[in-house]
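A closer look at the structure
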Amino acid sequence: MSGINEWIDNEVKTNDVVLFMKGTPAFPQCGFSGQVVQILDYVGVDYKGINVLSSDELRQGIKGYSDWPTIPQLYVKGEFVGGCDIVKEMFQAEELKDFLAEKGVALAPAAA
């Protein structure tokens, strides 16, 4: 495992919810990342946003790590959930909160 893969692996395994995205949660730099941020904020989950634009190595590394070609990428409890389309589908089907709860991820009371 390369250095970047070890770093990604550590981030994914030490944070309950991690979003690899373009930009930051406060300033998303692509529409898809922005949509996932809005959904996560809406359901009230605490997550770590990691800006893949900060490094080419990270941007390429995360695609290899997940074997998923696009950004954003959402991980919950060390498990790859998916990108914008999957998160949006889960949210619209009202499955996202249940999924997070099943994984033992706390949600803000306002979103419960």
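Just so it is clear, the model here is predicted, and its values are computed rather than measured.

Let's shift gears to helix 3 (residues 56–66). Since one α-helical turn is 3.6 residues long, residues separated by three or four positions face the same way. Taken as a whole, helix 3 has its buried residues at L58, G61, I62 and S66. Considered in projection along helix 3, the buried side chains sweep an arc of 110 degrees and stay on one side of the axis. For helix 3, exposure combined with an orientation more than 90 degrees from the buried face picks out D56, E57 and G64. Lining the buried residues of helix 3 we find helix 1 (3–14), strand 1 (17–21), strand 2 (48–51), strand 3 (73–76) and strand 4 (79–82). The backbone nitrogen of E57 has a side-chain oxygen 3.2 Å away, supplied by the residue at the start of helix 3, namely S55.

Turning our eyes to something else, we now look at the pairing of strand 4. Inspection of the sheet shows strand 3 paired to strand 4 by 3 bridges, in the antiparallel sense. Considered in strand 4, the bridge of Y75 is made with F80.

By secondary structure assignment, the location of S66 is in helix 3. A polar atom in the side chain of S66 sits 3.0 Å from the backbone oxygen of I62. With sequence-adjacent residues up to four places away left out, S66 is seen in contact with Q73, Y75 and F80.

Before going further, it helps to spend a moment on the packing of aromatic side chains. For the structure shown, the criterion picks out 5 aromatic pairs. Centroid distance Y42 to F91: 5.5 Å. Interplanar angle 85 degrees. Geometry classified as edge-to-face. Taken as a pair, Y42 in helix 2 (residues 31–43) and F91 in helix 4 (residues 84–92) lie far apart in primary sequence, 49 residues in all. For F91, a relative accessible area of 27% puts it in the partly exposed group. Counting every residue linked through ring pairs, the aromatic cluster contains F20, Y65, W68, Y75 and F80.

Together, D85, E89, E94, E95, D98 and E102 give the surface a local cluster of negative charge. Mapped by element, the contributors of at least two residues to the negative patch are helix 4 and helix 5 (96–102). With respect to the helices and strands, D85 occurs in helix 4.

Here is what the cut-offs are and how they apply
- All chains use their own residue numbering, which begins from 1 and follows the written sequence.
- Under the rules for a predicted model, residues below a pLDDT of 70 receive no local features and side-chain atom pairs below 80 are neither given nor counted, while totals for whole chains, interfaces and linings still include all residues.
- Only heavy atoms go into the side-chain values, all of them from the structure, while hydrogens and water stay out.
- Think of it in three bands: with a 1.4 Å probe and only protein chains considered, a residue is buried below 20% of the maximum accessible area for its type, exposed above 50%, and partly exposed in between.
- Numbering of helices and strands runs from the N terminus, with a helix taken as a DSSP run of H or I at least four residues long and a strand as a DSSP run of E at least two residues long.
- The reported arc concerns the directions from the helix axis to the C-beta atoms and nothing else.
- Contacts: residue pairs with any heavy atoms within 4.5 Å of one another.
- Counted as a polar contact is a pair of N or O atoms within 3.5 Å, where, for protein atoms, one must be capable of donating a hydrogen and the other of accepting one, and residues adjacent in sequence contribute only when both atoms are in side chains.
- Paired strands, in this sense, are two strands between which DSSP finds at least two bridges.
- The criterion for an aromatic pair is that two Phe, Tyr or Trp rings (for Trp, the six-membered ring) have centres within 6.5 Å, with stacked assigned to planes under 30 degrees apart, edge-to-face to planes over 60 apart and tilted to the rest.
- Each patch is assembled from residues with relative accessible area greater than 30% and no salt bridge, linking like charges that lie within 9 Å and nonpolar side chains (Val, Leu, Ile, Met, Phe, Trp, Tyr) that lie within 5 Å.
- Note on areas: Shrake-Rupley with a 1.4 Å probe; residue coverage comes only from the protein chains shown.
- One speaks of a salt bridge when a side-chain nitrogen belonging to Lys or Arg is within 4 Å of a carboxyl oxygen belonging to Asp or Glu.
- Positive charge is attributed to Lys and Arg, negative charge to Asp and Glu, and no charge count is given to His or to the chain ends.
- Here the site of a charge means atom NZ of a Lys, CZ of an Arg, CG of an Asp or CD of a Glu.

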